[in-house]
Amino acid sequence: MLTQDQAADIFDRIRRLSSADEVEAIFNGSRFALTRFANNTIHQNVEEENSVVSIRTNFGGRTARSTANQFDDESLRRAVAASESLARVQVPDPDLLSMPTPSEADFCESVEKAAGGGARSTRALPVRFFEETAGVTPAERAEVVQGIVSVADQHKLTSAGIYSISDSREGIFNSRGLSRWHRQTLAEISITMLGGDSSGWQKLNSPNVRNLDAARLAETAAQKAVESAHPREIAPGKYTVILEPAAVLDIVGFMFWDYSGVAILDQRSFLNDRIGAQLFGKNINISDDVAHPLQAGSPFDGEGMRRQRVPLVENGAVKRVVYARATAKKMKNSEHAGKVGPVEPTGHGFPLPNEAGEMPMNIVFGAAEKPRSLEEMIASTERGVLVTRLWYIREVDPYEKIVTGMTRDGTFLVENGKVQCGLRNFRFNESLIAMLSKVEAMSVPVRACGEESFDMVVPAMKVREFNFTEATKF
């Protein structure tokens, strides 16, 4: 795969080939290896390595991209020519800014003023590349899967899932001197255990493969399948619900596209006219923090701007949203400027050109004053429902943030402080605003993975009056 020095050399060649006012290159490279299993047998073992450069050229506000995955001079020449040809026929974008210099990418206007021109303080990014993760072999993955299958065999279940490893590099260079590079590994295990009329599931990933305990994940998934066998059906209605972290992640993930300056300007965010208001319970605190030790990802955005820690929600009140450079400038000149909290580039933009603008991608929920374990939440519940995960989530009402979806892979009845039996799954219709106003207890936040949203640091939650609208037949 490409090294930073090799990428810098390729960018120098791209610059010499380009006649544009400005040129930018984003490099993405990865080695991805996956072992997939089903019916207690490995049925797929694949490995892919690829590197791509995305070239953006700019002629007086007209900009476009092209890509290449070969780096010889002729391939780069064709890619540069394609980008320039596309850029020249674009309508000039009056909101397009010049590409950032290294100092612009590291500083924020409002912070510079507050600090008298001094540097913004930044926290060091935790180590996110581990040789041990990158070096996991197919034989080692197969051995882990064998252990998962043995747990399934012990419980007379059928297992399915994946074990994957990735080693990725991401870099951005531009003709104004900006140079950024990030390397990361990620190991991921997903397990589904199937019984005759029940199932259990667990999933986790981490840059450090040592943080994944496949045997524990397999045993937890198996226990869920065993304990939810012969599920009962109970009437739909409003129940106290205990959502495990994966369930919390997948449902709350549907609101974070709205924490965007572009979404506010487009009048399509549920936060329009609500920033500064007490929208959630006072026990809800949310930030976007790429440097959090349980988070992952690069410390810069699609323009090379350094990602900043942004407090999004404090004690239930929405404080601010995130901004790309151009969005922040546009917001300051808009009718919304005095209603949205601090306005500054926060390092959350996507590569240009794009219509989406920006989004917080490193969500971290704050810890409760008195965290409760999942077991303590169950013990304190007279009657309720324990949910392992959610799926098939869709938005019903964008402004009230009502979403619908279903439970799966481990739904249980809780009575008198104990898990009593498995339940047939439910469909739910619930407002995220209402849900986050009814949180009675939370666990210590953990890194969680799901299937409907991106990875976050979230707690398990005990929520009162969660609205289940119908029971399913499985």
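Conventions used here
Residues numbered from 1 in each chain as written. Predicted model: local features only at pLDDT ≥ 70, side-chain atom pairs only at ≥ 80, totals over all residues. Heavy atoms only, no water. Helix = DSSP H or I, 4+ residues; strand = E, 2+ residues; numbered from the N terminus. Rg over C-alpha atoms; globule rule 2.2 N^0.38 Å. Buried < 20%, exposed > 50% of the residue type's maximum accessible area, 1.4 Å probe, protein only. Areas by Shrake-Rupley, 256 points an atom, 1.4 Å probe, with all protein chains shown as cover. Lys, Arg positive; Asp, Glu negative; His and termini not counted. Charge placed at Lys NZ, Arg CZ, Asp CG, Glu CD. pLDDT = per-residue confidence, 0-100. Contact = heavy atoms within 4.5 Å. Phe/Tyr/Trp six-rings, centres within 6.5 Å; stacked < 30°, edge-to-face > 60°. Pairing = 2+ DSSP bridges. Axes fitted to C-alpha atoms, helices over the stretch in contact; angles between N-to-C directions. Parallel < 35°, antiparallel > 145°, perpendicular 65-115°, else oblique. Left-handed = near helix turned anticlockwise from the far one by under 90°. Polar contact = N/O pair within 3.5 Å; in protein donor to acceptor, adjacent residues only side chain to side chain. Nonpolar A, V, L, I, M, F, W, Y, C, P; charged D, E, K, R; others polar. Core = buried A, V, L, I, M, F, W, Y, C linked by side-chain atoms within 4.5 Å. Arc of directions from axis to C-beta.

> Just give me the short version of the overall build of the protein chain, but keep the residues and values in it.
The number of helices and strands found in the protein chain is 12 helices and 19 strands. In summary, the protein chain has a C-alpha radius of gyration of 24 Å against a globular reference of 23 Å for 474 residues, a match within 12%. Each principal axis of the C-alpha atoms in the protein chain carries an extent, and together these give about 70 × 55 × 40 Å. When burial is assessed residue by residue, the protein chain has 55% of its 474 residues classed as buried. Counting only carbon and sulfur atoms, one obtains 48% of the accessible surface of the protein chain, whose full area is about 20200 Å². Side-chain charges in the protein chain split into 55 positive and 62 negative, and the spacing between the mean points of these groups amounts to 2 Å.

> Give a description of the confidence of the model for the protein chain that names residues and reports values.
In this model, the protein chain carries a mean pLDDT of 95, and residues with pLDDT of at least 70 account for 97%. Predicted confidence is poor over residues 109-121, with pLDDT under 50, and the contacts of this stretch with residues over four places away or in other chains come to 15 contacts.

> Which residues make up the packing of aromatic side chains, and what values do they have?
Each aromatic ring pair is described using two quantities: the centre-to-centre distance and the angle formed by the ring planes. For the coordinates displayed, the defined rule picks out 12 aromatic pairs. With 5.9 Å between their ring centres and 25° between their planes, phenylalanine 11 and phenylalanine 173 make a pair best called stacked. Placement of phenylalanine 11 in helix H1 (residues 4-17) and of phenylalanine 173 in strand S4 (residues 158-174) is noted, with a sequence separation of 162 residues between them. Per residue, the accessibility class of phenylalanine 11 equals that of phenylalanine 173, and both read buried. Among the aromatic residues, ring-to-ring pairing joins Tyr239, Phe426, Phe428, Phe466 and Phe468 into one connected group.

> Kindly report on the sheet that holds strand S2 (residues 41-59), identifying the contributing residues and their values.
With respect to topology, six strands assemble into an open sheet ordered S3-S2-S1-S4-S5-S6, the strand pairing being antiparallel. Since the sheet does not close on itself, it has two edges, and those belong to strand S3 (62-68) and strand S6 (199-206), each with one partner. Adjacent strand axes in the sheet meet at a mean angle of 15° when their direction is disregarded. Two elements, strand S5 (residues 179-194) and S6, share eight bridges in a ladder whose sense is antiparallel. Counted as the bridge partner of isoleucine 189 is leucine 204 from S6.

> Provide a residue-level description of the packing of H1 against helix H2 (residues 73-88), including the pertinent values.
In a pair of packed helices, the angle between the axes and the distance between the axes together describe the arrangement. In the contact formed by H1 and H2, the axes pass within 10 Å of each other and the chain directions differ by 55°. Taken together, the axes of H1 and H2 lie oblique to each other. Here H1 runs over H2; the crossing is right-handed. Two secondary-structure elements touch here, H1 through Ile10, Arg13, Ile14 and Leu17 and H2 through Asp73, Leu76, Arg77 and Val80.

> Can you lay out the environment of serine 228 for me, pointing to particular residues and giving the numbers?
Considering the arrangement of structural elements, one finds serine 228 in the loop between helix H7 (214-227) and strand S7 (237-243). Residue class for serine 228 comes out buried when judged on its relative accessible area of 5%. Considered as a pair, serine 228 and glutamine 6 are 222 residues apart in the sequence and their alpha carbons are 54 Å apart. If near-sequence neighbours (up to four positions away) are discounted, serine 228 is found in contact with Ser198, Ser199, Phe412 and Gly422. A polar contact of 3.5 Å, which involves the side chain of serine 228, links it to the backbone oxygen of alanine 225.

> Describe the packing of helix H6 (residues 138-154) against H7, and please don't skip the residues or the numbers.
Interhelical geometry of H6 versus H7 gives an angle of 25° and a closest axis separation of 9 Å. Between H6 and H7, the angle is such that the two are roughly parallel. Considering how the two elements wind past one another, H6 and H7 form a crossing that is right-handed. For the pair H6 and H7, contact is made by Val144, Ile148 and Val151 and by Ala214, Ala218, Glu219 and Ala222, respectively. When the residues that make up the contact of H6 with H7 are grouped by side-chain class, the tally is six nonpolar, no polar and one charged.

> Break down the nonpolar core for me, citing the residues and quoting the values.
Side chains of nonpolar character tend, in soluble globular proteins, to be buried together. Ranked by size, the top nonpolar core spans 60 residues in total, and within it Val252, Met255, Phe256, Tyr259, Phe280, Ile284 and Met461 carry the most contacts. If sequence neighbours within four positions are ignored, methionine 461 has contacts with Val241, Ile242, Leu243, Val248, Ile284, Phe365, Met377, Met435, Leu436, Val439, Ala441 and Met442. Ile165, Ile189, Leu204 and Val209 belong to the second largest nonpolar core, which has 23 residues in total.

> Tell me about unusual backbone geometry, and name the residues and values.
The step from leucine 352 to proline 353 runs through a cis peptide bond, and the omega angle for that step is -5°. Along the polypeptide, proline 353 turns up in the loop between helix H10 (325-332) and strand S11 (363-365). The residue aspartate 273 is not glycine, and still its phi comes out positive at about 65°. Positionally, aspartate 273 belongs in the loop between helix H9 (261-265) and strand S8 (286-288).

> Lay out H10 in plain terms, naming residues and giving numbers.
For the α-helix, the turn length of 3.6 residues means that residues three or four positions removed from each other point alike. Among all positions in H10, only Arg325, Thr327, Ala328 and Met331 are buried. Take H10 and look down its axis: the buried residues cluster within an arc of 165°, on one side only. Those residues of H10 that are buried are in contact with helix H3 (102-106) and H9.

> I'd like a description of the environment of histidine 348, backed by residues and values.
Considering the arrangement of structural elements, one finds histidine 348 in the loop between H10 and S11. Judged by its relative accessible area of 1%, histidine 348 is buried. On a C-alpha basis, the gap between histidine 348 and serine 199 in space is 38 Å, while along the polypeptide they are 149 residues apart. With residues up to four places along the chain from it excluded, the contact list for histidine 348 reads Asp288, Asp301, Arg307, Gln308, Val310, Val322, Tyr323, Gly357, Glu358, Met359, Pro360 and Met361. Looking at histidine 348, its side chain comes within polar contact range of the side chain of threonine 346, at 2.8 Å.

> I'd like a description of the pairing of strand S1 (residues 22-38), backed by residues and values.
Within S1, 12 of the 17 residues are buried, which leaves it mostly tucked inside the rest of the structure. The sheet contact formed by S1 and S2 spans 17 bridges and is antiparallel. Pairing of glycine 29 across the sheet is with serine 51, part of S2. Connecting the antiparallel pair S1 and S2 is a turn made up of two residues, with asparagine 39 showing a positive phi of about 50°. Strand direction decides the pairing type here: S1 and S4, joined by 14 bridges, are antiparallel. Residue pairing for S4: leucine 34 is matched across the bridge by serine 164.

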